[in-house]
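The lines below spell out each chain.
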Amino acid sequence: MTAACLASLGHRVFGVDRDPHKINTIRDGRAPFYEPGLEELVRDNIAAGRLSASTSADALADSEVALVCVGTPSEKNGNLGLHQLRRAVDEIAAQVAARAQPLIVAIRSTVFPGTCEEVVQAAFEDNSAVSVVSHPEFLREGSAVRDFFEPALVVIGGSDRSALARVAELYRPLGVKASLVSLGTAEMIKYASNAFHAVKISFANEIGALCEEVGVSGHEVMATLCEDVKLNISPAYLKPGFAFGGSCLPKDLRALVYRAAHLDLKLPLLESATPSNEQHLRRAIEAVLDLPAQRIGVIGLAFKEDTDDLRESPVVALLEQLIGKGRDVRVFDPRIRLDAIHVDAIYGSNRNFILETIPHIGRLLTGSLDQILAWADHLVLAQKQTAQAMEQIQASGLPMLGLVNGSLKSTSAARAVPLA
């Protein structure tokens, strides 16, 4: 598939496979499997001399880029089977052992992060002429030809910038800008994309099933949901960060799951959202408890920045654990003040929650960012910070754990990436 499409862009492409039947089929100008539009591409490019096929890897002698497109089937335990990849890489390594001119080995196969480094690069460790990149494919069966010529995403990962640029150049006729990323990111992106697609399908099906039970059109609900391209069909919420909370998401998830259960309807994806969030919160709590710090300063108390809403804030659960474990902790939130002067400025159910549910946490609040920076020997950022606040935090030089940036590893505040 990829060979015929690249040939159509004007490249000279040599296809190599161990299956003689597949090779003979291509040489005859026919596609070795059915895919709309592929037969014509193979026929035209074989006739034009841009595409050829062989069971021998001799063509590598004159090639600049070797695209490895072998399968990585599942093993019985669910792990990837890498035997085809290892065999292909070993064959290439043997073929180019004495090669002096540069060769880029681009892995198109779906592999888990670390595979290119541990399996592919290891095979060429004695050959400095070879550069390894990860170049996952995103072609859907049934629309693969169209997906190639109208790509939604082209990803190339590695540390050799010239190799990345050379592979990206293959797609210049398409006018698409490739995403040049790290090796591990390129390996992981195919899994992340496919998992997201699976989650979207399962989400739509579960909403549709619940809608049918309550007499609502699931198609109309989902079509209306998709009209929101600011929050629903957008990059919104698609960044690793802290656990969710607040007065809406937890409550509404519980209501959906409760109502479905009373209808004898199992919705595993929606049912798993709250446990998944709780597990993410537990990971954060464990990371904070593991900090080698005497005085922990937590910045942020509400469930997100620019609000004083503490209802179901994951920070409250975090602080409860820290207090219960005897940690010396203080908190600062620019939107929350519980002293006698400002308590009347907090209203409604949030005021009742503060006064009745967590008064002990209120006693831990500091009055300013300066105060908590002067007191703490380690910071935990539980909210995104303004640029001004982040500059002040970085200037303190204190080590910090940024829960909102998706990492549970502590870093120096001076080297931290702004979280605005």
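A.B. asks: Looking at this structure, I do not really get the overall build of the protein. What am I missing?
C.D. replies: Counting its regular elements, the protein contains 16 helices and 12 strands. At 28 Å, the protein has a C-alpha radius of gyration far larger than the 22 Å of a compact globule built from 420 residues. In terms of its C-alpha atoms, the protein occupies a principal-axis envelope of roughly 85 × 60 × 40 Å. Taking all 420 residues of the protein together, 39% fall into the buried category. Residue pairs at least 24 apart in sequence account for 68% of intrachain contacts in the protein once pairs closer than 6 positions are excluded.

A.B. asks: Looking at this model, I keep getting lost on the environment of Gly300. Mind explaining?
C.D. replies: Within the fold, Gly300 resides in the loop between strand S8 (295-299) and helix H12 (314-324). A relative accessible area of 0% places Gly300 in the buried class. Along the chain, Gly300 and Leu381 lie 81 residues apart, while their C-alpha atoms are 6.7 Å from each other. The contact partners of Gly300, leaving out residues within four places of it in the chain, are Val315, Val331, Phe332, Asp333, Ala382 and Gln383.

A.B. asks: In this structure, what is going on with helix H10 (residues 249-262)? I would like to understand it.
C.D. replies: Since the α-helix advances by 3.6 residues per turn, residues separated by three or four positions end up pointing in the same direction. Taking 1.5 Å of rise per residue, 14 residues should cover 20 Å, and H10 covers 20 Å from first to last C-alpha, within 8% of that figure. When H10 is considered as a whole, its buried residues turn out to be Pro250, Leu253 and Ala260. In an axial view of H10, the angular spread of the buried residues amounts to 105°, which keeps them on one side of the axis. Among the exposed residues of H10, those oriented more than 90 degrees off its buried face are Tyr258, Arg259 and His262. Where H10 is buried, its residues touch helix H8 (183-214) and helix H11 (268-289). Directly after H10, the chain includes Asp264, whose backbone phi takes a positive value near 55°.

A.B. asks: Explanation requested: the pattern of salt bridges in the structure shown.
C.D. replies: The final tally for this structure, using the stated rule, is 14 salt bridges. The partner of Arg140 in a salt bridge is Asp147, and the shortest N-O contact between them spans 2.9 Å. A salt bridge links Asp306 to Arg335; its shortest N-O distance comes to 3.1 Å. Separated by 29 residues along the polypeptide, Asp306 in the loop between S8 and H12 and Arg335 in the loop between strand S9 (328-332) and helix H13 (348-357) bring together distant segments of the chain.

A.B. asks: Honestly, the nonpolar core in this entry has me stumped. Any pointers?
C.D. replies: In this structure, Phe242, Val288, Val298, Leu301, Leu319, Leu322 and Val380 are the most contacted members of the largest nonpolar core, which totals 31 residues. Mapped by element, the contributors of at least two residues to this core are H11, S8, H12 and S9. Of the residues forming this core, the biggest block, 6 residues, is contributed by H11. In this view, Leu322 contacts Val288, Leu289, Val298, Arg327 and Val329; residues no more than four positions away in its chain are not counted. Listed in part, the 28 residues of the second largest apolar core include Val13, Ala31, Ala106 and Leu170.

A.B. asks: Teacher, can you tell me more about the environment of Phe148 here?
C.D. replies: Within the secondary structure, Phe148 is located in helix H6 (residues 144-149). The buried category is assigned to Phe148, whose relative accessible area is 3%. Separated by 23 residues in the primary sequence, Phe148 and Tyr171 have C-alpha atoms spaced 9.6 Å apart. When neighbours within four sequence positions are excluded, Phe148 is seen to be in contact with Met1, Thr2, Cys5, Leu6, Leu9, Leu139, Tyr171 and Leu174.

A.B. asks: Honestly, a nonpolar patch on the surface in this entry has me stumped. Any pointers?
C.D. replies: A cluster of nonpolar side chains, namely Phe196, Val199 and Leu238, defines an oily patch on the protein surface of about 260 Å² accessible area. Mapping Phe196 onto the fold places it in helix H8.

A.B. asks: Before we go on, may I ask you to explain the packing of aromatic side chains in this structure?
C.D. replies: The relation between two aromatic rings is expressed through the spacing of the ring centres and the mutual angle of the planes. Tallied over the full model, the rule gives 3 aromatic pairs. Arranged with centres 5.6 Å apart and planes meeting at 70°, the rings of Phe112 and Tyr191 form a pair that is edge-to-face. Taken as a pair, Phe112 in the loop between strand S4 (103-107) and helix H5 (115-123) and Tyr191 in helix H8 lie far apart in primary sequence, 79 residues in all. Residue classification places Tyr191 among the partly exposed positions, given a relative accessible area of 23%.

Thresholds, definitions, all that
Residues numbered from 1 in each chain as written. Predicted model: local features only at pLDDT ≥ 70, side-chain atom pairs only at ≥ 80, totals over all residues. Heavy atoms only, no water. Helix = DSSP H or I, 4+ residues; strand = E, 2+ residues; numbered from the N terminus. Rg over C-alpha atoms; globule rule 2.2 N^0.38 Å. Buried < 20%, exposed > 50% of the residue type's maximum accessible area, 1.4 Å probe, protein only. Contact = heavy atoms within 4.5 Å. Expected span 1.5 Å × (residues − 1). Arc of directions from axis to C-beta. Salt bridge = Lys/Arg side-chain N within 4 Å of Asp/Glu carboxyl O. Core = buried A, V, L, I, M, F, W, Y, C linked by side-chain atoms within 4.5 Å. Patch = residues over 30% accessible without salt bridge, like charges linked within 9 Å, V, L, I, M, F, W, Y side chains within 5 Å. Areas by Shrake-Rupley, 256 points an atom, 1.4 Å probe, with all protein chains shown as cover. Phe/Tyr/Trp six-rings, centres within 6.5 Å; stacked < 30°, edge-to-face > 60°.

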